Amino acid sequence: MSEALAVVETAGTGTSVPVVSGARQFWRRLRAQRAALVAAAVVALLVLVALAAPLLTALEGQDPTTYHPTLIDSARGGVPIGSLGGISADHWLGVEPQTGRDMFARLVYGARVSLGVALAATVVQVAIGVAVGVASALGNRWVDQLLSRATDIIVSMPLMIMSLALLAIVPSSFPRPVLVTLVIGLIAWGTIAKIVRAQTLSLKGLDYVSAARLSGWGTWRIARRELLPGLAAPVITYAALLVPTNISVEAALSFLGVGVKPPTPSWGQMLTAADVWYQAAPQYLLLPAGALFVTVLALTVLGDGVRTALDPRAASRLRVGTGRKNASGTGKAAGNAAGNATEKEASA
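Anyway, here's the lowdown on the structure attached to this text. Being a predicted model, the structure only gives us computed values, none of them experimental.

This part covers the overall build of the protein. Scanning the protein for helices and strands turns up 13 helices and 4 strands. Going through the 348 residues of the protein one by one, you find that 36% of them count as buried. Intrachain contacts of the protein at a sequence separation of at least 6 include 70% that bridge at least 24 residues. Of the roughly 18900 Å² that the protein leaves accessible, carbon and sulfur atoms contribute 67%.

Laid out in structure tokens, this is it:
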């Protein structure tokens with residue numbers, strides 16, 4: 001069973017050594033991927049910036065909501081005064097057109113909203129998807145049919161349209177970041193539920209699960225002690241790929257005007273306000289767009305690295321295939337050499 005310590009016998013010595021744990025194998029494979037390590041460092045830096053947003057803005061001496069009308073040129077329609085959007089020692093990334101709010105403060109506080117909503121929505125999706133998928137796989141026929149049909153309905157719902165509809169009818173007094181988190185999490189859990197159900201059905205037939213059932217363990221104890229550890233790899237892999245998707249969804253909802261409301265800063269909301277300023281003040285568009293691009297790219301690369309590290313078959317197929325190719329190539333070369341040698345002897 002999965003709780004036992006796996007050992008292997010060293011050939012020719014009769015001694016037993018413990019097999020390298022799954023966690024150590026995971027970290028070893030992940031460290032071998034330089035792109036994933038760079039992406040992990042970028043994600044860690046972004047999370048650190050989001051958490052330290054109050055400290056960073058205090059060091060700058062600004063906040064994300066204070067207007068600075070003296071820093072904009074009213075005669076030109078509200079364009080920031082100075083070069084590069086009004087960059088100075090007091091405003092590290094310049095100021096916002098028409099309002100004069102500090103861009104650096106709004107950018108780092110916007111990271112809090114974008115990353116926080118994406119991570120929280122991912123947790124909601126994973127929690128619901130795992131619960132529904134495991135219950136569907138372990139339940140009787142009627143439970144499985146009911147939960148499977150409900151999952152099919154959820155999967156068939158267009159996320160953006162349903163989110164727009166729900167966010168439009170909820171009162172504005174409800175905290176918008178929490179609402180966006182709940183809407184994304186409650187609408188988009190269907191795919192992970194399907195993945196968990198299929199994986200649970202495949203794990204049910206394994207020997208260690210059958211042994212646990214024969215030993216008298218209950219269904220939910222088997223699920224908690226034997227099935228959930230086996231589900232960790234696919235769930236973590238899919239969750240890592242969900243985070244950048246949720247960041248894009250939150251940005252799109254804020255861009256459409258139904259997400260996070262002013263004065264709370266959000267990268268998507270900043271892009272919405274920047275659509276008329278991309279010529280007069282291009283930094284107002286480039287900064288949040290660049291932050292979104294870097295964040296989504298880093299999370300996507302990290303998610304792919306996690307997938308590769310958690311799936312040993314991907315690496316082993318590559319090695320085995322390469323070995324076979326090399327072996328076949330070596331065999332062909334040896335055969336050609338032997339044939340040439342035979343021909344030379346015959347001619348001699």
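A few words on a nonpolar patch on the surface. A contiguous nonpolar surface patch, about 320 Å² in accessible area, is contributed by F174, V178, L182 and L186. By the element assignment, L186 lies in helix α7 (residues 176-187).

In total, this model carries 6 salt bridges according to the counting rule given. With its nearest N and O atoms 3.4 Å apart, the salt bridge here joins R106 to E96. Of this pair, R106 sits in helix α4 (residues 103-138) while E96 is found in the loop between β4 (79-80) and α4, placing the two residues 10 residues apart along the sequence. The same class applies to R106 as to E96, namely buried. For D304, the salt bridge identified is with R307, shortest N-O distance 3.1 Å. A residue pair is termed a helical-turn pair when its members lie 3 or 4 positions apart in one helix, as D304 and R307 do in helix α12 (residues 283-310) at 3 residues. We classify D304 as partly exposed; its relative accessible area is 37%. You can call R307 partly exposed: its relative accessible area is 33%.

Before going further, it helps to spend a moment on the nonpolar core. One finds I247, W267 and L292 to be the most contacted residues of the largest nonpolar core, which totals 29 residues. Of all the secondary structure elements, the ones that give two or more residues to this core are α1 (22-31), α2 (34-51), α4, α10 (219-255), α11 (267-273) and α12. Counting residues per element, this core draws most heavily on α12, at 8 residues. Sequence-distant contacts of W267, that is, excluding residues within four places in its chain, are made with L107, G110, A111, S114, P288, A291, L292 and T295. Membership of the second largest hydrophobic core comes to 16 residues, among which are V130, L203, I222 and A223.

This next bit is on the side chain of R106. Taking relative accessible area as the criterion, R106 reaches 1% and is therefore assigned buried. Apart from the residues lying within four places of it in its own chain, the contact partners of R106 are P64, E96, R101, P263, P265, Q269 and M270.

Time to look at the packing of α4 against helix α8 (residues 190-204). Two elements in contact, α4 and α8, have axes whose closest approach is 7 Å; the angle formed by their N-to-C orientations is 40°. Considering the angle they form, α4 stands oblique to α8. Where α4 crosses over α8, the two elements pack in a sense that is right-handed. Of α8, the residues touching α4 (which contributes Q125, V126, G129, V130, V132, G133, V134, S136, A137 and L138) are I192, A193, V196, R197, T200, L201 and K204. Taken together, the residues that form the contact of α4 with α8 break down as 10 nonpolar, 5 polar and 2 charged.

Moving on, we get to unusual backbone geometry. For Q98, which is not a glycine, the phi torsion comes out positive at approximately 75°. Within the secondary structure, Q98 sits in the loop between β4 and α4. Residue Q98 is classed as exposed on the basis of its relative accessible area of 52%.

With that out of the way, let us pick up helix α5 (residues 141-156). Look at α5: 22 Å from first C-alpha to last across 16 residues, which is about the 22 Å you get at 1.5 Å a residue. Turning to α5, the residues buried within the fold contact α4, α7 and α8.

Here we come to the environment of R29. Tracing the chain through its elements places R29 in helix α1. With relative accessibility at 25%, the residue R29 sits in the partly exposed group. Taking the C-alpha atoms as reference points, R29 and L310, separated by 281 residues in sequence, lie 8.2 Å from one another. A distance of 3.2 Å separates a polar atom in the side chain of R29 from the backbone oxygen of A309.

Look at α2: 26 Å from first C-alpha to last across 18 residues, which is about the 26 Å you get at 1.5 Å a residue. Those residues of α2 lying buried are A36, A39, V43, L46 and A50. For α2, the arc enclosing every buried residue in end-on projection is 85°, short of the 170-degree limit, so these residues lie on one face. For α2, the exposed residues set more than 90 degrees away from the buried face come down to R34, V38, L45, L48 and L51.

Further remarks concern the packing of α2 against helix α3 (residues 53-60). Interhelical geometry of α2 versus α3 gives an angle of 70° and a closest axis separation of 4 Å. Here α2 lies roughly perpendicular to α3, going by the angle between them. Of the residues in α3, those touching α2 at V49, A50 and L51 are A53, P54 and L56. Residue classes in the contact of α2 with α3 are distributed as 6 nonpolar, no polar and no charged.

Each value, and the rule that gives it
- Every chain begins its residue count from 1, and numbering advances along the sequence as written.
- Reporting in this predicted model follows two pLDDT cut-offs: at least 70 for local features of residues, and 80 or more for side-chain atom pairs to be given and counted; totals over whole chains, interfaces and linings ignore these cut-offs and use all residues.
- Hydrogens are left out, water is left out, and the side-chain values use all remaining heavy atoms of the structure.
- Only DSSP runs of H or I covering at least 4 residues are called helices, and only runs of E covering at least 2 are called strands; the numbering of each starts at the N terminus.
- Partly exposed residues are those whose accessible area sits between 20% and 50% of the maximum for their type, while under 20% is buried and over 50% is exposed, using a 1.4 Å probe and protein chains only.
- In what follows, a contact means two residues having at least one pair of non-hydrogen atoms within 4.5 Å.
- In this description, accessible areas are obtained by the Shrake-Rupley approach with a 1.4 Å probe, and a residue is regarded as covered only by the protein chains that are shown.
- The residues that make up patches have over 30% relative accessible area and no salt bridge, and they are joined within 9 Å when like-charged or within 5 Å when they are Val, Leu, Ile, Met, Phe, Trp or Tyr.
- The rule for a salt bridge is simple: a side-chain nitrogen of Lys or Arg has to be within 4 Å of a carboxyl oxygen of Asp or Glu.
- Among the buried residues, those of types Ala, Val, Leu, Ile, Met, Phe, Trp, Tyr and Cys that are joined through side-chain atoms within 4.5 Å form a nonpolar core.
- Geometry is summarised by axes, namely lines fitted to C-alpha atoms with helices restricted to the contacting stretch, and by angles between N-to-C directions that run from 0 to 180 degrees.
- Comment on the angle field: the value is read as roughly parallel under 35 degrees, roughly antiparallel over 145, roughly perpendicular from 65 to 115, and oblique elsewhere.
- In this scheme the crossing of two helices becomes right-handed for a clockwise turn of the near helix relative to the far one and left-handed for an anticlockwise turn of less than a right angle.
- Classification used: nonpolar for Ala, Val, Leu, Ile, Met, Phe, Trp, Tyr, Cys and Pro, charged for Asp, Glu, Lys and Arg, polar for all others including Gly.
- Helix span, as expected, comes to 1.5 Å for every residue beyond the first.
- In protein, a polar contact means a hydrogen-donor-capable atom and an acceptor-capable atom, both N or O and within 3.5 Å, with residues adjacent in sequence counting only if both atoms are side-chain atoms; elsewhere, any N or O pair within 3.5 Å suffices.
- Arc definition: it is the arc formed by the directions from the helix axis to the C-beta atoms.

The quantities given are spatial measurements derived from coordinates; they are silent on function.
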